[in-house]
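# Analysis of the macromolecular model
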Amino acid sequence: MGDPGYGWLEKQYATVTAVPDFPAIDARWADAMAAALAAHPPRVLPYGEGERRAIDVYLPPGVSDPPVLVFIHGGYWQLRHRRDVAWIATPWLARGVAVAMPGYPLCPEVSLAALIEDVRTAIAALWREAPSLGLSRRWLVGGHSAGGHLAATLAATDWATRGLADLRFVGVLPSSGVFELPPLLATSLNVALRLDLAEATRLSALYLVPPRGLRVIAAVGGAESAEFLRQTHGFARRWAQQGAAVAALELPGRNHFTAQDAWAEPDGALFAAAWGLLHAR
């Protein structure tokens with residue numbers, strides 16, 4: 001997603017070209033996905049028309065009412081599939097945590113506004129079905145990159161207006177999130193997103209108001225671009241000003257993709273932060 005006709009911002013958000021060994025990382029993820037799906041076939045909960053409007057639910061064997069990690073995949077809202085990150089579920093299942101991964105149609109097939117509404121519909125459907133699936137109502141919402149934006153958007157959604165006044169998260173943990181969308185207008189990413197300034201501002205998680213006291217940890221790789229670092233720290237500051245309980249977590253030496261690896265590393269700082277949010281009292 002690069003074009004020499006674009007400038008500094010293009011390079012800042014061109015995650016693949018910034019990481020020379022991305023093909024090897026992607027191949028490793030594909031192998032891990034295949035192993036995870038073979039070991040832990042998910043239950044599939046449709047929430048609308050089409051294969052992408054479905055949620056993969058991974059249930060830890062022998063655990064009743066498990067807490068739930070809701071994890072949303074990235075890909076700049078125009079790439080990837082929920083199954084691509086199936087490998088993240090494996091260490092969580094081993095520790096008695098259920099993992100739910102909502103899928104969604106991609107831009108430009110749908111607008112970003114419609115995509116966001118699809119993800120909200122997915123979460124509402126999952127909340128309603130939680131008892132029949134054997135899930136607890138103790139949920140942490142997380143996601144990586146574009147998924148971090150979607151996770152934050154879900155956490156700031158007024159669920160009472162959607163008939164789900166009891167829907168709440170124990171916390172939100174976006175990693176490498178893109179919370180402020182107007183900078184993307186100057187990049188080739190907007191070819192598929194088709195945003196103007198007003199819509200980019202309206203759909204930016206940065207400008208939403210989180211529930212007061214919501215626990216938030218915003219993670220980012222220490223080796224990511226200046227814009228990704230700015231996005232994370234700016235988001236943490238603004239949501240703290242809005243009354244959330246926010247911490248920023250930099251992962252030293254991690255690039256945009258190895259930062260996502262941290263979700264499946266039980267001995268690491270991101271995993272520990274997510275575990276702490278999920279089990280906080």
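All figures in this text were calculated on a predicted structure; none of them were measured in a lab.

What follows concerns the layout of surface pockets. Where empty space is left in the structure can be found by rolling a water-sized probe over the atoms. In this model, the largest pocket occupies a volume close to 390 Å³. Looking at the largest pocket, it is lined by 23 residues, and the ones nearest its centre are Thr15, Val16, Gly75, Arg80 and Phe257. In terms of residue count, helix α2 (residues 22-39) provides more of the lining of the largest pocket than any other element does, three residues in total. The residue inventory of the lining of the largest pocket, partitioned by class, reads 10 nonpolar, 10 polar and three charged.

Along strand β7 (residues 215-221), six of the seven residues are buried, which leaves the element largely enclosed by surrounding structure. Pairing between strand β6 (residues 171-175) and β7: two bridges, direction parallel. Bridge pairing in β7 links Ser175 to Ala219. The pairing of β7 with strand β8 (residues 245-251) spans seven bridges and is classified as parallel. Each residue of the ladder has a partner; that of Ala219, found in β8, is Leu249. Each parallel crossover has a hand, and for β7 linked through helix α8 (residues 226-241) to β8 it is right-handed.

Oppositely charged side chains are able to pair whenever their charged atoms sit close together. All told, the structure shown has 14 salt bridges when counted by the stated rule. Between Asp261 and Arg28 there is a salt bridge, with its nearest N and O atoms 2.9 Å apart. Residue Asp261 is located in helix α9 (residues 258-261), and its partner Arg28 is located in helix α2; the two are separated by 233 residues in the primary sequence. Exposure remark for Asp261: the relative accessible area of 7% places this residue in the buried category. You can call Arg28 partly exposed: its relative accessible area is 40%. For Arg80, the salt bridge identified is with Asp84, shortest N-O distance 3.7 Å. What makes Arg80 partly exposed here is its relative accessible area of 30%. Judged by its relative accessible area of 22%, Asp84 falls in the partly exposed class. A single network of salt bridges, built from pairs that share partners, joins Glu51, Asp56, Arg82 and Arg83.

Cis rather than trans, the peptide bond between Cys107 and Pro108 has omega equal to 5 degrees. Take Pro108: it is sitting in the loop between β4 (98-102) and α4 (112-133). Even without being glycine, Ser145 reaches a positive phi, approximately 60 degrees. Among the secondary structure elements, Ser145 is positioned in the loop between β5 (139-144) and α5 (146-155). Residue classification places Ser145 among the buried positions, given a relative accessible area of 3%. Phi at Arg194 is positive, roughly 55 degrees, even though this residue is not glycine.

The next point concerns α8. The terminal C-alpha atoms of α8 lie 22 Å apart, and with 16 residues this matches the ideal 22 Å at 1.5 Å per residue to within 8%. Those residues of α8 lying buried are Glu227, Phe228, Leu229, Gln231, Thr232, Gly234, Phe235, Ala236 and Trp239. Buried residues along α8 sit against α1 (8-13), α5, β6, β7 and β8. Of the residues trailing α8, Gly243 is marked for its positive phi of about 105 degrees.

Tallied over the entire structure, the rule returns 12 aromatic pairs. For the pair Phe22 and Phe257, a centre-to-centre distance of 4.5 Å together with 45 degrees between the ring planes defines the contact as tilted. You can see Phe22 sitting in helix α2 and its partner Phe257 sitting in the loop between β8 and α9, a full 235 residues away along the chain. Taken as a pair, Phe22 and Phe257 share a single burial class, namely buried. Both rings, one in Trp29 and one in Trp87, keep their centres 5.7 Å apart while their planes meet at 20 degrees; by these two values the pair is stacked. Here Trp87 lies in the loop between β3 (68-72) and α3 (89-94) and Trp29 lies in helix α2, a separation of 58 residues in the sequence.

Scoring rules and cut-offs
- Residues numbered from 1 in each chain as written.
- Predicted model: local features only at pLDDT ≥ 70, side-chain atom pairs only at ≥ 80, totals over all residues.
- Heavy atoms only, no water.
- 1 Å grid on protein atoms, 1.4 Å probe; cavity = no way out; pocket = protein on both sides within 12 Å on 5 of 7 lines; lining within 4 Å.
- Points joined across faces, edges and corners; volume = space filled by probe spheres on them.
- Helix = DSSP H or I, 4+ residues; strand = E, 2+ residues; numbered from the N terminus.
- Nonpolar A, V, L, I, M, F, W, Y, C, P; charged D, E, K, R; others polar.
- Buried < 20%, exposed > 50% of the residue type's maximum accessible area, 1.4 Å probe, protein only.
- Pairing = 2+ DSSP bridges.
- Right-handed = clockwise from strand over helix to strand, strands pointing away.
- Salt bridge = Lys/Arg side-chain N within 4 Å of Asp/Glu carboxyl O.
- Expected span 1.5 Å × (residues − 1).
- Contact = heavy atoms within 4.5 Å.
- Phe/Tyr/Trp six-rings, centres within 6.5 Å; stacked < 30°, edge-to-face > 60°.

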